Every structure is written in C-alpha cells, then in structure tokens.
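Understanding the architecture of this molecule
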Number of protein chains: 2
Amino acid sequence: MSGADLAGGWRLACQTEVFGDVTVEVPEESRTRRQVIRKAPGIRAITPNPAIRPLQLQVQPPDHHFPMADWERLKTESAFMDQAISPVPDISVLRSLPAILRQNEGRVTMAVHVDGHCVGILKAPDIPLAGVALDIGTTSLAAHLCDLATGQVLATASAINPQVVFGEDVISRIAHASTGPEATDQLHRSIIDAVNDLLEALWDQSGISPEATVDMVCVGNPCMHHLFLGLDPSGLGLAPFVPVVSQSVSVYARDLGLHLAAGASIHWLPLVSGFVGADTIGALLATTDEWNGKTVLMVDVGTNGEIVLAHENRLRCASCATGPALEGATLRHGMRAAAGAIERVWIDPETLTVRYRVIGDIPECPVPPVGICGSGIIDAVAAMLKAGVIGPNGRLKRDLNTPRMLVSGNHLAFVLVPAEESATGRPIVIDQEDIRAVQMAKGAIHAAGRLLMEAADVKTVDKVLLCGAFGSVIDPVAATLIGLVPETAPERIVATGNAAGDGARLALLDRTRRVEAARLALRLEYLELTLHPRFQREFAMAMFFPHKETMPSEKETR
Amino acid sequence: MSGADLAGGWRLACQTEVFGDVTVEVPEESRTRRQVIRKAPGIRAITPNPAIRPLQLQVQPPDHHFPMADWERLKTESAFMDQAISPVPDISVLRSLPAILRQNEGRVTMAVHVDGHCVGILKAPDIPLAGVALDIGTTSLAAHLCDLATGQVLATASAINPQVVFGEDVISRIAHASTGPEATDQLHRSIIDAVNDLLEALWDQSGISPEATVDMVCVGNPCMHHLFLGLDPSGLGLAPFVPVVSQSVSVYARDLGLHLAAGASIHWLPLVSGFVGADTIGALLATTDEWNGKTVLMVDVGTNGEIVLAHENRLRCASCATGPALEGATLRHGMRAAAGAIERVWIDPETLTVRYRVIGDIPECPVPPVGICGSGIIDAVAAMLKAGVIGPNGRLKRDLNTPRMLVSGNHLAFVLVPAEESATGRPIVIDQEDIRAVQMAKGAIHAAGRLLMEAADVKTVDKVLLCGAFGSVIDPVAATLIGLVPETAPERIVATGNAAGDGARLALLDRTRRVEAARLALRLEYLELTLHPRFQREFAMAMFFPHKETMPSEKETR
C-alpha cells in the first residue's frame, strides 16, 4: 500500500483495528467474482472403452432348495453375461446388497471394473454409469462428469483452488506443507473438500447420483498430485526435487474422503518428474495426433511452465517457474479472468490511444474494466512493444509525450484505462514491475524451449502447441511479438484448449489410454534446467523482447 | 430369583433403587474372572508359505543425475530381488514412505503380497512380519500372533465376545441387528473394538509392532462373520437363511477400523450356508488328514452345533441350535470355564458321594468351586446317569434316599457341592431344567448326525472328531454315556482341540490353504434339518439317554 493510497484514506483490512461502528468499502477489484475458467472440454471424438461397465441383472430370490447367498446369486447371474472375470465384491457392495436386492425385486445394475472388482450395486436397472475427469490446477479446478457409455459430457463445474490462501504458487504450498504433517493434511483436506463441492455441483446439474459415479481420472502438477493424495510434498521443494511416486496411482475414493460410489477408485495419471506432472501427460495424450511424427513444441503456461519437445520419436521435457504474472496475479492491477478483466488490448502507434476488450462486457449490459488478466497483460505488453511504449529491454519510455505515461520520480506507469472509465474510479495501469514479471515468465519459457531444441539439435519446429487454462487463450500474434517461444511465425502457433483436462477425459473414457499414459511417462526425458550450465545465461538473454535489429540475428542462431 | 433368595436378602442389582449409601456384595459366581478359553493352538507342523513376504531393501538416495521418485527407487531395488510381480503401492505406504526412507538411510523392509500389493514399509531391516489367526466364537474370541516366516506362535490372547450383552446365542444377536442399521453397527463396532484390544495384548506380549502385523485370517460362524464385516445378518434369521456372501472375503483392515499395518487386509475363510460358517471350514482344513478318505463325523459343539460327515469323497453337513447350556451358560449354577468352575465330576453309584475337579484348584492354592462349566455339566449328567440319579428319560429320581436330592414341591435338584464346600456359601446343584437343557442340546446333535449318516447310507463311522472350544474338552466316555453322537465306542471319539482356530492359522501361514478352503466350501453339501421331514421325530427320540434296554435296539436301527 503506497503513501498516496494511505493519504487517500485507503487501509488494509487486515491491519486495521476497529473501535466502533464502521462502514467497510471493499474496492471493486478486490471483490470475489465467479472466475471465467477457460477449462471447457475440447471436442474430440472418443470411442468409449471404460474401465467400469454396467451389468443389468435380474437376481433370483433365495429359496429353500436354492439357499445361495445374496452375492453368489448375483455372481451366478453375472456369469450369464459377457463378464469373463468372476467379480469380486467391494465391502461396501456387500453392505448395501441385501437391502438393494429386496427393494427392487432383484433388478439391479452392477458396476464392475474390467479387473473384476465390483465397485457398486445400483437399485434400478438402466442407470447410466458416470465418471469424472478432474483437472487440478494450482489456481483453478475443473471437473467434467461424463457418461461412461456414450462419452457425453453431462455436466461441467469449476472452482478456485482453495489452497490459494496458502500461496499463489506451488513453492509456497510446498513450503507450507513442509512445516509438518498437520499442514500437509490441511492442504489435503482443503482440496478434497473443494472436489466434493464440485461433485455436488455436477450431480445437481446432471441428475446423476453419487452411487452411479463410479470412476475418476485426475491430472495436475506434481504438487497438486501430492496434496490431493495426502502425500508429503517436501521432496518437491528440495534438490534433487523428487516426488514420492511417479507411476500412476489408483486409490479408493473412500480412502481420500471423496463422495463417489462407495467402492469407486480414483486414478491419477503418472508424473514425469518433480515438476512435470500428470497435466503434461494428459496434454500429450490429448494432442497425440498433433505431435506424433512431427517436430512440435508443446508449452503449458501456468504458474509453472512445462515445455515438451517432440522430435524423431523422442519426447524431451523441461519445466520452469514462471510466476503467477501470466495468470493475472501479483500485477499491480492484475486480476483473474473474471467479469471486468481486460483480456485484449490494442494501442494506436501514432496517437497511443488504447482500445481494450473486457470479459463480460456486452452492449446490452456494459461492464467497466476492473483490472488486467493474464491474456490481457500479454496483449498489452505486445501492443506497448509494437507502439514503442517500451523498448526491447522492456523499459517504459519516460520521454513519451502522452498523458498516459505517469511519471512519479523513478516510478513509471502506462495508463491503459483512465480513472473516469474504470470500475474502481482509479486508473488501471501497467508499471515497470508488471513488465518485468512478464519478461521473467516469458524468458524462462523461451530459454527452456531453446535448450530443449538445442538438446535435440533442432533449429526450427513444425508447430507450437499452447495449452493450459491460460496458454490456450494467448493470442498467437502477441505471443510472437513478445517472443514467448523460440518460434516467431504466428501461423505455427496453435492453441489447444485445456489439453490436460481433455487427456483426463480420454483416460476416463478409454482405459487403454491409461496404459498409453504410463508409456508416455516412461518415454519423457526430463532436462533439469537448474543443472544446465547455460540456463541462466539463456534466461537472461530471453528476457529481452524481439526487435527489428535483433530479430534477424535471433533467427540466425536457430 | 427365587422366593427363598429374596427371603435370604438377595436382590438383583438391576432391579434395585438406591436411596442412600449402600454396600454392594457381588456374589462370587457373578464376579468376572479371566476365562480359561480352551483355544490354545494345536501343534501341527506347518511349512510357511505366507501371502505376505518381507523384502529387505537398501534404497539409494535420489541425486541430480538419478532424480527418481521415492517409490520408483524402492521398486527398482525390489526388481533385483526374487519379486516376480511389480509391486503396487498402498496409499498408506506412499504416505509414510518419504519419512521412513530418510530416517534409516534407505534401509527398509517392504511387506509385499504375492499379488504385488505392497501393504507396508518398515523403517528397519530384519523385522519379522507377523500375522493374526482369529477365531471369533459366539461366546469367546481367541487370537494367535504368528511369525509368518517360521510359523511360530509369538503370542496368544483371548477374550469374551462383548456381543454377549446383546444375547447369548446368534439368534438373539441377529434379532438385535435386525432392528436397524444402527444396531448392526453397534454389534459390528463392539467386536472390532474387542479385536483391537486383543491386538494390543498380542503386541504387548510379543514386542511385535502394529506396522509389522501385515495379515489376518478369520474364522467364525456366519453371524460372527457378518457382524465382524458390518454386513446385515437379518437374512441369517429368516427362512431360507441365506448369508449376504459365502465366498471368502478380503477387506482392508482400515475399512473395518482394525489397527493392523495400514495397508493390511483381513481374509475371512468362506461360509457354507447361513448356519455353517468359516469355523467349520477352518476345522475341516485343520483335520484333513483325519477325515480324508475315511468315514468320519466331525462335531463342533458350541452355542450352535455344526456336524460334518465325510464319506466316500463327499462332505455333508448340517447345523442345529444347541443353546448355550453346553458352554455352561443359562444353567442354574452354570458359569464359563474360568477359575472355580467344576470341570469333571465322579459319582459313586453306591454312596452317591460326589468328587469333582475345579479349574485352577491346585494343592498349593486351593480354589473352592463356584459353579459348573460346560464340560462339567456333561460329566455330571453322565455320572448321574451311571449312578442312577437320573433315568434314560432324564428325570431326577425323587425317591433316592440321599440328602443330596433336594425336593421342594415339584422342584428337584441334585447337590454336587454342599454349601459348606462352595465358594458362594450356597450349595451348587443341578436341577431338572439343567438336565433338560443338556438333553435338548445333545438330542439336536445326535439327530443331526443320524440324519447325515442316513443320507450317506452309512451305518457306522470310523471316527468322531469333537472340535471347538468346548467340544474338545468333553470326555469321550461321558459323551458316549449321554449319547451325544450316534457312535457309542469311546475309543473312536477324538478331541481335536480348537480345530477352527488351527485352520485359521494354517490359512494364515500357507496361502494355498485359502484356495483349499474355497474348494472345501464348494464341496460341502448342506442338509437343511428344519426342512427334513423326520428331524423333529429324530430329535425327540435322541433326547433320551441311552440305557441298557435301548442301547441294543439303538444299534439295530443303524
């Protein structure tokens, strides 16, 4: 909080003692809004081949001449179906079986895993079985409830990851968890509670029951994976940064306190390293056709950046800390991608007039701008670069003759939205620190991509896939302008949507994809950038923005 | 409570209101004593072939050039052992793994099931893995902690089944459980709590840790099975008397709230019918050499009686209610087999002088008699029959000229111990109702045995095996005298000890015995006596005691 803020009467609520009745004004940009999470399911044709199938059974009542146990009568009926493996009952199934058999005169649906494990008994026939594809991001969660037989998405729900109160990035969460098992458990419980809330929302939307929700596949980065499963993540925060487990993990929903069908399991796609997680595996699964047999750079831009280079049947990957700036957090006027966020920016190079697009702003119901989200800041920086408001080194130009450049001693800021146009009544600006944060983030991703290409002896790539909640909304031209990736032709940059979540959905609906995921995890060769002798130098160089003079020489180095 | 008792100043505590300070005298026979449960492990040579084996591993620390996850480094080491199946981690193992690996510089013991499931990680090498064989009787529980590698019994603990407060026999417990899920859960929790207490006792005795206790095999009757697993037992109490499940059941200890190693499972041997349970399967497992290829009647005498007839490669079985009389309960001066219980009785046919043996009574420390236990009542009835105190119809002879026969109107009682010799200061007697209870019990067992022999077209058996906590302490001569089984030659009656518990121990130590148990369960042919047209008649006839006149004719019918 600046001196000017204090002078203007602003106070931090957390630092203020209350002595009597007060009226608290929560400034517009601090108000909680429903975030627009760009984790909509991608449209991909999937032929379902689920792990759990329904068997419609008519179980005979017991009689004196046939006094078989409830389960054995059920099993006898299932033997007449195409069930090759003799089913094995979950204890929860046995507990509910007598009542369910009697309630519906023996007409039941048995949900059985291909490995024979009977995960549930439903008291009515012809109930569609459903599963959940869950994408756990550091910042946001997205869940899709899918019909396991048709592949159809029945409902979608998303939420902010409640762990954000323990820190915006994975490092702060690992640091908190490392204070002891109670802290790890606290983070674990918070995510489980949030997922249970998401499940409620999915059931409300779809009318599907918890008992019919018999499978779940999760993706997320290694820290989210560990905290979801209740594993100690401290190894992820200390060199040599190893996870507790990297292979795929299946665990009973009840062992996590998740309210699925009582016998249901949760399947986590495998991790690759302490920093490259199941989200990357999911994204690779969902984009196989895009990279298989080609030279492709896949970039997942989140609070952490993961970069994969597919080339000549090898998959190399690296990860780098990008900070939360590219998701709109920690910027001076940054905000999440919610209503009121500036998501696109155009600047006239002659007049320096700014145009912008605000999320949720439609002619019938205008929404004034509140702050800048991730795609907005990249767009804004690209536009400022193109208009000469900043130079290739990222410095704001002090001597521009425009009232949009605020100068206060050493502090420079460029006004995107004047006070009179904003929802807050104060100007929305981008200052030097905001630009530095973008430079750090894009520099790390750019350097990681270059070093992977160098390791593979690749000068140029066929395609760059931008994925992740944030990556998929970046404008390819803006990405090219700021040099986010070592590939300048915007037509080769493709946004893939939420590929990680799509991968979870694929693995949910087609169990062979889980095997494929395990193979991918073993194929991925991890390049530890912190050990690379030239990473720091490449990173420092990559913080510069491309400009006319350097662009040709940049191209020469490739 | 009789009028004489009331006149003598005796009051039921449960019927007495307290208005001021009182001194409560708990009569000797009501005091809780450590029951002498005859469930000592039988001595049988077992070559262990356990389901869970220890792998001693030295796990390498992670380094920058080998940044493998904790679990994957462990798995890599296990691949160098004789472990054919790649281990799959239990979630609890993953949760404890990082700390355990670091605490002991990577020297750990992995407990792994032959199916690959890793049930525990121990932080020291060379810790013996242990398992528990648990015999859950309607009245008593007995647990043996065994070294899975050597087969050695490391500790033994027993306790009263706490469910006795809900009724002495299975029918009353089923009736209580049938009042609703809360009642079932109450019975379930009470047995689980008692087993957790037994486990504590086993660990205290042996120094084995809970983490090293990685397997458990249970036997018990169908009602005990259902209540232990939390299954609704109401089907066991209603015709056609079907269990919820009869095949063997494996369930995670944590799903039952049992405090074994976090990833350990409990294995229940299979049931045969709603009345013939895993205890019978266990007894058959333990006595295979005794009955295989022979004509053998196996009788398990408990609150419920189970009878198996092995003949010409077929196994036929039946069950009957015997009531708790043969275990010493519900008799006028009955008590459990604890210190002070009369366990053997001799009566001089001339003088009617009674000699008896009391449990715990040794010359250095005399224990006066308190009551009569199960083996005592059979012995006493046999002795009374031999001495002519009762006739073949079981009636006490009113006209005996002895002060031992108390006559009070229609009420007759025979004094085993005069008031001045007893611990209670009151005579210990056997009255007509006690004898009726014994007749009912032995009549049911006798009739069941006869009908099984009739079904198999068998006139005589090679051997009678008496098993169960109580059956194995019956004196074969006394059993013959009262006609407990349709086989009169005492030399053919063999006590097998606690065969059910021995079967659990066999299945614990040798996993191939679990497969054998499943085969046995499928082989057993259950004869439902309540449906047999002649059971009531046979039962009524079998209530008579054998006497000189009937014995030859009894033999002729066979």
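In the block above lies the structure referred to throughout.
Residues numbered from 1 in each chain as written. Chains lettered and ligands numbered in written order. Predicted model: local features only at pLDDT ≥ 70, side-chain atom pairs only at ≥ 80, totals over all residues. Heavy atoms only, no water.

1. Things to note about the packing of helix 4 (residues 170-177) of chain B against helix 5 (residues 181-206) of chain B
Residue and element names in this part refer to chain B. The interhelical angle for the contact between helix 4 and helix 5, taken along N-to-C directions, is 130°, at an axis separation of 7 Å. Considering the angle they form, helix 4 stands oblique to helix 5. Touching Arg173, His176 and Ala177 of helix 4 are Ala183, Thr184, Gln186 and Leu187, all from helix 5. In the contact of helix 4 with helix 5, the residues fall into three nonpolar, three polar and one charged. (Axes fitted to C-alpha atoms, helices over the stretch in contact; angles between N-to-C directions. Helix = DSSP H or I, 4+ residues; strand = E, 2+ residues; numbered from the N terminus. Parallel < 35°, antiparallel > 145°, perpendicular 65-115°, else oblique. Contact = heavy atoms within 4.5 Å. Nonpolar A, V, L, I, M, F, W, Y, C, P; charged D, E, K, R; others polar.)

2. A closer look at the environment of Gly180 of chain A
With respect to the secondary-structure elements, Gly180 of chain A resides in the loop between helix 4 (170-177) and helix 5 (181-206). Sequence separation between Gly180 of chain A and Asp232 of chain A is 52 residues, and the spatial gap between their C-alpha atoms is 8.8 Å.

3. Some remarks on the sheet that holds strand 15 (residues 354-358) of chain A
Paired through their backbone hydrogen bonds, the strands of a sheet run either parallel or antiparallel. All names here are of chain A. Read across the open sheet, the three strands follow the order 15-14-16; overall the sheet is mixed. Of all strands in the sheet, those with a lone pairing partner are strand 15 and strand 16 (371-372), marking the two edges. Of the strand pairs in this sheet, strand 14 (residues 341-347) and strand 16 are connected by two bridges, and their pairing is parallel. By the bridge assignment for strand 16, Ala341 is matched with Gly371. In the packing of helix 10 (residues 374-386) onto the sheet, the strands contacted are strand 14 and strand 16, and the crossing angle to strand 14 comes to about 15°. (Pairing = 2+ DSSP bridges.)

4. As for the pairing of strand 5 (residues 130-136) of chain B
Residue and element names in this part refer to chain B. Within strand 5, seven of the seven residues are buried, which leaves the element mostly enclosed by the surrounding structure. Strand direction decides the pairing type here: strand 5 and strand 6 (residues 140-147), joined by seven bridges, are antiparallel. For Ala130, the partnering residue across the bridge sits in strand 6 and is Asp147. What sits between strand 5 and strand 6 in their antiparallel hairpin is a turn of three residues. Where strand 5 meets strand 8 (residues 213-220), seven bridges bridge the pair, whose relative direction is parallel. If you follow Ala133 over to strand 8, its bridge partner there is Val217. (Buried < 20%, exposed > 50% of the residue type's maximum accessible area, 1.4 Å probe, protein only.)

5. A closer look at the environment of Phe228 of chain B
Residue and element names in this part refer to chain B. Relative to the helices and strands, Phe228 resides in helix 6 (residues 222-229). Counting along the chain gives 176 residues from Phe228 to Ile52, while the straight-line C-alpha distance between them is 23 Å. Not counting residues within four places of it along the chain, the set of residues in contact with Phe228 comprises Leu134, Ile136, His188, Ile191, Ile192, Val195, Cys218, Leu256, Leu258, Ile266 and Trp268.

6. Section: the interface of chain B and chain A
Each side of the interface is counted separately: chain B has 39 residues, and chain A has 39 residues. Between chain B and chain A, roughly 3,100 Å² of surface is buried when both sides are summed, and carbon and sulfur atoms account for 62% of that area. Summed over the shared surface of chain B and chain A, the result is two salt bridges. The salt bridge involving Asp255 of chain B is made with Arg254 of chain A; its shortest N-O contact spans 2.8 Å. Where chain B meets chain A, there are 18 residue pairs in polar contact (both at pLDDT 80 or more). Counting residues per element, the ones that place at least two in the side of chain B that touches chain A are helix 2 (70-79), helix 3 (91-103), strand 9 (249-252) and helix 7 (253-256) of chain B. Ranked by residue count, the leading element in the side of chain B that touches chain A is helix 3 of chain B, at six residues. A breakdown of the residues in the side of chain B that touches chain A according to their chemical character gives 24 nonpolar, five polar and ten charged. (Buried area = accessible area lost by both parts, 1.4 Å probe. Salt bridge = Lys/Arg side-chain N within 4 Å of Asp/Glu carboxyl O. Polar contact = N/O pair within 3.5 Å; in protein donor to acceptor, adjacent residues only side chain to side chain.)

7. Examining the state of the cysteines
Residue and element names in this part refer to chain B. Under the definition given, this model contains zero disulfides over all chains. Between Cys317, a cysteine without a disulfide, and Cys320, which holds the nearest cysteine sulfur, the sulfur-to-sulfur distance is 12 Å. Judged by relative accessible area, Cys317 falls into the buried class, the value being 0%. (Disulfide = S-S within 2.5 Å.)

8. Some details on the sheet that holds strand 2 (residues 88-89) of chain A
Residue and element names in this part refer to chain A. One open sheet holds the four strands; their spatial order is 1-3-4-2, and the pairing between them is mixed. The open sheet has two edge strands with one neighbour each: strand 1 (52-58) and strand 2. Across two bridges, strand 2 lies against strand 4 (residues 117-122) in parallel orientation. Following the sheet pairing, Pro89 is matched in strand 4 by Cys118. Packed on one face of the sheet, helix 2 (residues 70-79) meets strand 1, strand 2, strand 3 (107-113) and strand 4 and runs near 105° to strand 1. Sheet contacts for helix 3 (residues 91-103): strand 2, strand 3 and strand 4; angle to strand 4, the most-contacted strand, approximately 30°.

9. Considerations on the pattern of salt bridges
Within this structure, the stated rule accounts for 34 salt bridges over all chains. As a salt-bridge pair, Glu538 of chain A and Arg450 of chain A come within 3.8 Å of each other at their nearest N and O atoms. With a gap of 88 residues between them, Glu538 of chain A in helix 16 (residues 535-542) and Arg450 of chain A in helix 11 (residues 432-455) connect regions that are remote in the sequence. Both residues of the pair, Glu538 of chain A and Arg450 of chain A, belong to the buried class. Of the charged contacts, one joins Arg514 of chain B and Asp215 of chain B as a salt bridge, the two residues approaching to 2.7 Å between their closest N and O atoms. Of this pair, Arg514 of chain B sits in helix 15 (residues 512-523) while Asp215 of chain B sits in strand 8, and the two are 299 residues apart along the sequence.

By themselves, these observations are geometric and do not establish any function.
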